[in-house]
Amino acid sequence: MPLLVMKFGGTSVATLDRIRRAAKRVGREVANGYDVIVIVSAMAGKTNELVGWVEETSPLFDAREYDAVVSSGENVTAGLMALTLQEMNIPARSWQGWQVPLKTSSAHASARIEEIPTDNMNAKFAEGMKVGVVAGFQGISEEGRITTLGRGGSDTTAVAFAAAFGAERCDIYTDVDGVYTTDPRISDKARKLDKIAFEEMLELASLGAKVLQTRSVELAMRYKVPLRVLSSFEEYDPNAGTLVCDEEEIMESNVVSGVAYSRDEAKVTLVSVADRPGVAAAIFGTLSEGGVNVDMIIQNISEEGRTDMTFSCPTNQVARADRAVQEARENGLINYHDIVVDNEVCKVSVVGIGMRSHTGVAAKMFDALSDEGINIKVITTSEIKISVLIDRKYLELAVQALHDTFELEKTA
Ligand code: ADP
Ligand code: ASP
Ligand code: MG
């Protein structure tokens with residue numbers, strides 16, 4: 001039997017009515033002759049609520065218990081989806097991560113998928129099951145503990161199942177009808193893309209476009225999983241949505257194909273650290289051990305053997321960063337005079353594979369921001385992206401200005 005993976009995000013399973021709607025789409029594919037693996041998220045808002053409960057109970061929580069709590073939202077929707085399908089006379093059952101078993105690393109709250117054995121579920125397909133409904137986002141570690149894959153992790157569950165079972169395609173159903181040139185919630189000029197290259201989608205995702213979890217794009221790229229993003233609210237159309245595919249499949253593209261943003265960033269400066277070999281290694285080693293995901297880094301000009309070291313990280317990791325460097329200072333591992341935190345910044349990035357062959361993109365980007373009076377605090381670049389850290393109050397303005405400057409509302 002040909003097999004499809006269909007993933008429904010939180011808004012697509014937010015109510016019993018929506019679960020029924022999603023189940024109807026699954027039913028259509030079953031009628032088309034497919035066996036289907038359905039991956040479900042928790043109902044919209046549920047995971048946030050669970051995370052809130054954990055943080056209120058224990059601010060610097062034990063990540064194993066965090067996972068035990070936050071994975072539970074998906075269990076509910078998996079069971080409800082299976083029941084809904086059964087009511088439609090479609091042979092279906094639910095699978096929690098440990099039942100598959102979806103094996104992961106032990107990095108709680110951001111575990112990586114290590115293996116998905118297919119025998120259990122294939123045995124059920126052979127017995128007549130038409131739909132296996134899997135609770136997304138969760139797995140089991142070697143120690144036998146429940147793990148989660150990081151926020152947005154159901155996308156990754158979906159792509160990993162598609163790869164493991166050799167699915168014909170992985171369809172990600174969400175609340176927008178595809179991948180846009182920028183977040184359609186920020187700009188009404190955002191344009192839906194029919195196709196986007198894996199590399200570009202990977203950058204957009206890792207720079208904040210949460211329509212797909214970064215790791216899901218990595219897996220799709222590595223295992224050549226045809227990946228499609230589409231709306232669960234629109235009428236059925238076999239050509240709907242955005243196909244994430246190889247660069248070679250895209251005939252024309254703009255130099256810049258998208259603008260991404262990450263709203264909740266912080267800029268942290270360690271004032272007056274010694275400017276000598278080994279200091280950066282000690283500071284960033286300390287932060288990494290403290291579980292801080294450092295993003296951008298700048299080291300200022302040195303004066304009299306001392307310098308300032310600035311980095312950015314998500315705002316919710318500032319407390320961890322602060323604790324890590326303080327402890328390291330107390331233990332004599334690093335030395336600084338002061339720590340200054342700016343919690344009111346965001347990161348805006350432009351992405352495009354066309355940047356490999358075109359120069360001048362950075363200058364054009366900086367001009368556009370300066371025309372709006374937006375000051376740039378930190379810059380980083382790579383082959384196909386340029387990112388800037390700016391004041392958060394300018395986020396929408398910056399996204400709009402860049403979308404206009406690079407004429408993203410027009411097709412190439
Ligand atoms: P789900 O719950 O279905 O997983 P998410 O909220 O995780 O949905 O992701 C979908 C959201 O991603 C959209 O509602 C949209 O606001 C946001 N988004 C950000 N950047 C983009 C983009 N470039 N294209 C489409 N959606 C985007
Ligand atoms: N429910 C989880 C989250 O909100 C996983 C997902 O939806 O992909 O992050
Ligand atoms: Mg998501």
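Chains are numbered independently. Their residues run from 1 in the order of the written sequence. To read the labels, note that chains go from A and ligands from 1, taken in the order they are written. Reporting of local features is limited, given that this is a predicted model, to residues whose pLDDT is at least 70; pairs of side-chain atoms are given and counted only at 80 or more, and all residues count toward the totals for whole chains, interfaces and linings. The side-chain figures draw on all heavy atoms in the structure; neither hydrogens nor water molecules are used.

Caption draft 1: Looking closely at the packing of aromatic side chains. Any pair of Phe, Tyr and Trp rings, taking the six-membered ring for Trp, is counted once the centres come within 6.5 Å. Such a pair is stacked with planes under 30 degrees apart, edge-to-face with planes over 60 apart, and tilted for the rest. On inspection of all chains with the given rule, the structure shows four aromatic pairs. On the numbers, 5.9 Å between centres and 80 degrees between planes, the contact of F284 with F311 is edge-to-face. With F284 in helix α9 (residues 279–289) and F311 in strand β15 (residues 306–314), this residue pair connects regions lying 27 residues apart in the sequence. F311 shares its class with F284; the two are buried. Look at NZ for Lys and CZ for Arg. If either is within 6 Å of the ring centre and within 35 degrees of the ring normal, a charge sits over the ring. Here the basic side chain of R93 rests over the ring of W95, its NZ or CZ set 3.6 Å away from the ring centre. Put simply, DSSP H or I for four residues or longer makes a helix, DSSP E for two residues or longer makes a strand, and each gets a number counted from the N terminus. Three exposure classes are used, based on accessible area relative to the maximum for each residue type with a 1.4 Å probe and protein chains only: buried under 20%, partly exposed in between, and exposed over 50%.

Caption draft 2: Spatial organisation of the pairing of strand β1 (residues 3–8). Where burial is concerned, most of β1 is hidden: six out of the six residues are buried. Alternating residues of β1 divide into L3, V5 and K7 and L4, M6 and F8, and every residue in both groups is buried. DSSP calls a pair of strands paired once it identifies at least 2 bridges connecting them. Sheet analysis places β1 next to strand β2 (residues 35–40), joined by six bridges and oriented parallel. Note that in β2 the partner of F8 across the bridge is V40. Handedness of a crossover is defined as follows: with both strands directed away from the viewer, a clockwise route from the first strand across the helix to the second makes it right-handed. Between the parallel pair β1 and β2, the chain is carried across by helix α1 (residues 16–31), and the sense of this crossover is right-handed. For β1 and strand β9 (residues 169–174), the ladder comprises five bridges, and the chain directions are parallel.

Caption draft 3: Layout of empty space enclosed by the protein. Put plainly, a pocket is an open set of points on a 1 Å grid over the protein atoms alone with protein on both sides within 12 Å along at least five of seven lines, a cavity is a set where a 1.4 Å probe fits but cannot get out, and a lining residue has an atom within 4 Å of a point. Grid points are joined across faces, edges and corners, and a volume is the space filled by probe spheres set on the points. Summed over the entire model, instances satisfying the criterion amount to one cavity of 30 Å³ or more. Its boundaries defined by the atoms lining it, the largest cavity holds a volume of some 30 Å³. Along its surface, the largest cavity is lined by S12, R18, R21, A22, S232 and F233. Following the grouping adopted for this structure description, the nonpolar residues are Ala, Val, Leu, Ile, Met, Phe, Trp, Tyr, Cys and Pro, the charged ones are Asp, Glu, Lys and Arg, and the polar ones are all others, Gly among them. Of the residues in the lining of the largest cavity, the class split is two nonpolar, two polar and two charged.

Caption draft 4: Seen up close, the packing of helix α2 (residues 46–57) against helix α3 (residues 63–70). Note on definitions: angles span 0 to 180 degrees between N-to-C directions of axes, and those axes are lines fitted to C-alpha atoms, for helices only across the stretch in contact. Where α2 contacts α3, the two axes come as close as 9 Å, and the packing angle between them is 145 degrees. For the element pair α2 and α3, the recorded crossing hand is right-handed. Contact residues: T47, L50, V51 and V54 in α2; Y66, V69 and V70 in α3. Of the residues assigned to the contact of α2 with α3, the class counts are six nonpolar, one polar and no charged. Each helix crossing is assigned a hand: it is left-handed if the near helix lies turned anticlockwise from the far helix by less than a right angle, otherwise right-handed if that turn is clockwise. Whether two residues touch is decided by their heavy atoms; if any such pair falls within 4.5 Å, the residues are in contact.

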